[in-house]
Amino acid sequence: MLLITSADHYVGHCITSHLARYDHLRKQMRVLCQNKTTCFNFASKGIDVRQIDYTHPNELSLAFQGVDHMILAVGNEAQRVQYCERLCQVASRSGVKSIICISHVGAVSSEHETLGQYALIEDEVISSSCQWTILRPDWIHQNFHLWSLYVEKHRHLPLPIPENAEICPLDITDLCRAVENIVLTDSEKQVRPVIQDDHVGQVYTLTGPKAVNGKQLVRLLSKATGFEKFEYRFVRPMDTAYYLSDLPKDIWFDARVKRERSQVYCDDLKGYDYRTRILSPPTHTQTRTFIEYFDWVHNQAGSLCVPHVSAITALQPRSIRQFFQENANSFKPRV
């Protein structure tokens, strides 16, 4: 049995959607959520969905019955460190064999409080009695969905890093594929009885195939949309924070979220539609994570390409060019 946490948050939801492409796996999957709204479709497809209070010992104990592997998809809740600590403690007591922790590339930063939360969670995973593997994804391509309406309206991309600062963005599909290759057998796509020794005790940094800077992002946007006058703008972190916090008030953003949630309810879970959607507005914790990530990249040159995705999946990771091409209509300026 696979247990996936925070299925009502973006990463957990995408991993669940990705693994559920295999019909025979759905009966072997259990997902945890606080808000069941975005998980109704999982339940209708035969996945065991548990709406849970992460601080309630009895609810957690019941959720871990029969679980072999926990995919600890760290959510964007304000109390995520506390929640993950509880999950790891109960996993140890419940005889869970292994924990696959979805952390963050910025966990190595000692100067950022919100990024530092990932380090605290990793410490809890490592100190558990379970075998463990830690995945540290870089900036996720699909985060740019949150900027698509701004680009569409104003014809420029505003980020709080200089135009020559490089990031190594990763597609959410490649993160999901890495998880798949760790927990499932290669041929029959069955849940592994135990995680392969090669992965036990490993910390993987997951990045895209190539580093890109602000200028290159705008150039790729132009090629994908056919609009040549996009600009890149280096903005203050507070400007980015204000923009993201005000997104729920934007009627166009709200309409998109509602439209895509209705699509989630009807998703047959056969393909990769999960990578084209905005699941919900960013939380305060998520916004702080974004801001601190960009500050870490800007001041510590933190984002470097590492070939761990190919080592795990034996596939070349998807490029940011493919993301913009796939989602060009969302970024095209209004006329």
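Everything below is about the structure shown above.
Note that the coordinates shown come from a computational prediction; the quantities given were computed from them, not determined experimentally. (Residues numbered from 1 in each chain as written. Predicted model: local features only at pLDDT ≥ 70, side-chain atom pairs only at ≥ 80, totals over all residues. Heavy atoms only, no water.)

### Some details on the side chain of His 104
Mapped onto the secondary structure, His 104 falls in the loop between strand 5 (98-102) and helix 5 (113-127). At a separation of 2.7 Å, a polar atom in the side chain of His 104 contacts the main-chain amide nitrogen of Gly 106. In contact with His 104, other than residues within four places in its own chain, are Leu 115, Tyr 118, Leu 135, Arg 136, Pro 137, Thr 289 and Tyr 293. (Helix = DSSP H or I, 4+ residues; strand = E, 2+ residues; numbered from the N terminus. Polar contact = N/O pair within 3.5 Å; in protein donor to acceptor, adjacent residues only side chain to side chain. Contact = heavy atoms within 4.5 Å.)

### Topic: the pattern of salt bridges
Counting across every chain of the model gives 22 salt bridges. The shortest N-O distance in the salt bridge between Arg 236 and Asp 239 comes to 2.8 Å. Overall, Arg 236 belongs to the partly exposed group, its relative accessible area being 48%. What makes Asp 239 partly exposed here is its relative accessible area of 28%. Measuring nitrogen to oxygen at the nearest pair gives 3.8 Å for the salt bridge that ties Glu 292 to Arg 288. Of the two residues, Glu 292 and Arg 288 both sit in helix 11 (residues 284-300), 4 residues apart, roughly one turn of that helix. Judged by relative accessible area, Glu 292 falls into the buried class, the value being 7%. A single network of salt bridges, built from pairs that share partners, joins Asp 171, Arg 275, Arg 318 and Glu 326. (Salt bridge = Lys/Arg side-chain N within 4 Å of Asp/Glu carboxyl O. Buried < 20%, exposed > 50% of the residue type's maximum accessible area, 1.4 Å probe, protein only.)

### A closer look at the pairing of strand 7 (residues 156-159)
Side chains His 156 and Pro 158 project from strand 7 onto one buried face, and the interleaved Leu 157 and Leu 159 project onto a second face that is buried too. Summarising the sheet, strand 7 and strand 9 (residues 231-234) pair through 4 bridges and their orientation is parallel. In the strand pairing of strand 9, Leu 157 is matched with Tyr 232. (Pairing = 2+ DSSP bridges.)

### Notes on the nonpolar core
Ranked by internal contacts, the top residues of the largest apolar core, which has 42 residues, are Ile 15, Ile 102, Leu 135 and Leu 206. Secondary-structure elements contributing two or more residues to this core are strand 1 (2-4), helix 1 (10-19), strand 2 (29-33), strand 4 (69-73), strand 5, helix 7 (172-183), strand 8 (202-206) and helix 12 (308-313). Counting residues per element, this core draws most heavily on helix 7, which supplies 7 residues. Setting aside its immediate chain neighbours within four residues, Ile 102 contacts Val 11, Ile 15, Ile 71, Leu 72, Ala 73, Val 74, Leu 135, Pro 137, Leu 175 and Val 179. If you look at the next biggest cluster of nonpolar residues, it comprises 36 residues, including Leu 159, Tyr 232, Ile 320 and Phe 323. (Core = buried A, V, L, I, M, F, W, Y, C linked by side-chain atoms within 4.5 Å.)

### Some remarks on the packing of helix 4 (residues 80-93) against helix 5
Running from amino to carboxyl end, helix 4 crosses helix 5 at an angle of 10°, the nearest separation of the two axes being 9 Å. The angle between the axes of helix 4 and helix 5 places the two elements in the roughly parallel class. Contacts between helix 4 and helix 5 pair Arg 80, Val 81, Cys 84, Glu 85, Cys 88 and Gln 89 from the former with Thr 114, Gln 117, Tyr 118, Leu 120, Ile 121, Glu 124 and Val 125 from the latter. Partitioning the contact of helix 4 with helix 5 into residue classes produces 7 nonpolar, 3 polar and 3 charged. (Axes fitted to C-alpha atoms, helices over the stretch in contact; angles between N-to-C directions. Parallel < 35°, antiparallel > 145°, perpendicular 65-115°, else oblique. Nonpolar A, V, L, I, M, F, W, Y, C, P; charged D, E, K, R; others polar.)

### Concerning the sheet that holds strand 3 (residues 48-51)
Taken in spatial order, the 7 strands make up an open sheet running 3-2-1-4-5-6-8, and their pairing is parallel. For this open sheet the edge positions go to strand 3 and strand 8, each flanked by a neighbour on one side alone. With direction set aside, neighbouring strand axes in the sheet form an average angle of 15°. Relative to strand 4, strand 1 runs parallel, the two being bridged by 3 bridges. Looking across to strand 4, one finds that Leu 3 is bridged to Met 70. Lying on the sheet, helix 5 is in contact with strand 4, strand 5 and strand 6 (131-137); it crosses strand 6 at an angle near 160°.

### Things to note about the packing of aromatic side chains
This model, assessed by the stated rule, comprises 18 aromatic pairs. Pairing Phe 144 with Phe 324 gives two aromatic rings, centres 6.1 Å apart and planes at 40°, and the pair type is tilted. Of this pair, Phe 144 sits in the loop between strand 6 and helix 6 (148-154) while Phe 324 is found in helix 13 (residues 320-326), placing the two residues 180 residues apart along the sequence. Take Phe 144 and Phe 324: they sit in the same class, and that class is buried. Members of the aromatic cluster, each reached through a chain of ring pairs, are Trp 139, Phe 144, Trp 147, Tyr 150, Tyr 243, Phe 290, Tyr 293, Phe 294, Trp 296, Phe 323, Phe 324 and Phe 331. (Phe/Tyr/Trp six-rings, centres within 6.5 Å; stacked < 30°, edge-to-face > 60°.)

### Some words on the side chain of Thr 114
Here Thr 114 shows up in helix 5. For Thr 114, a relative accessible area of 8% puts it in the buried group. For Thr 114, the contacting residues outside a window of four places in its chain are Arg 80, Thr 285, Arg 288, Thr 289 and Glu 292.

### Digging into the environment of Ala 7
Within the secondary structure, Ala 7 is located in the loop between strand 1 and helix 1. Among the residues examined, Ala 7 registers a relative accessible area of 0% and is labelled buried. For Ala 7 and Arg 233, which are 226 residues apart along the polypeptide, the C-alpha to C-alpha distance reads 34 Å. If sequence neighbours within four positions are ignored, Ala 7 has contacts with Gly 12, His 13, Thr 16, Val 31, Leu 32, Thr 38, Cys 39 and Phe 42.

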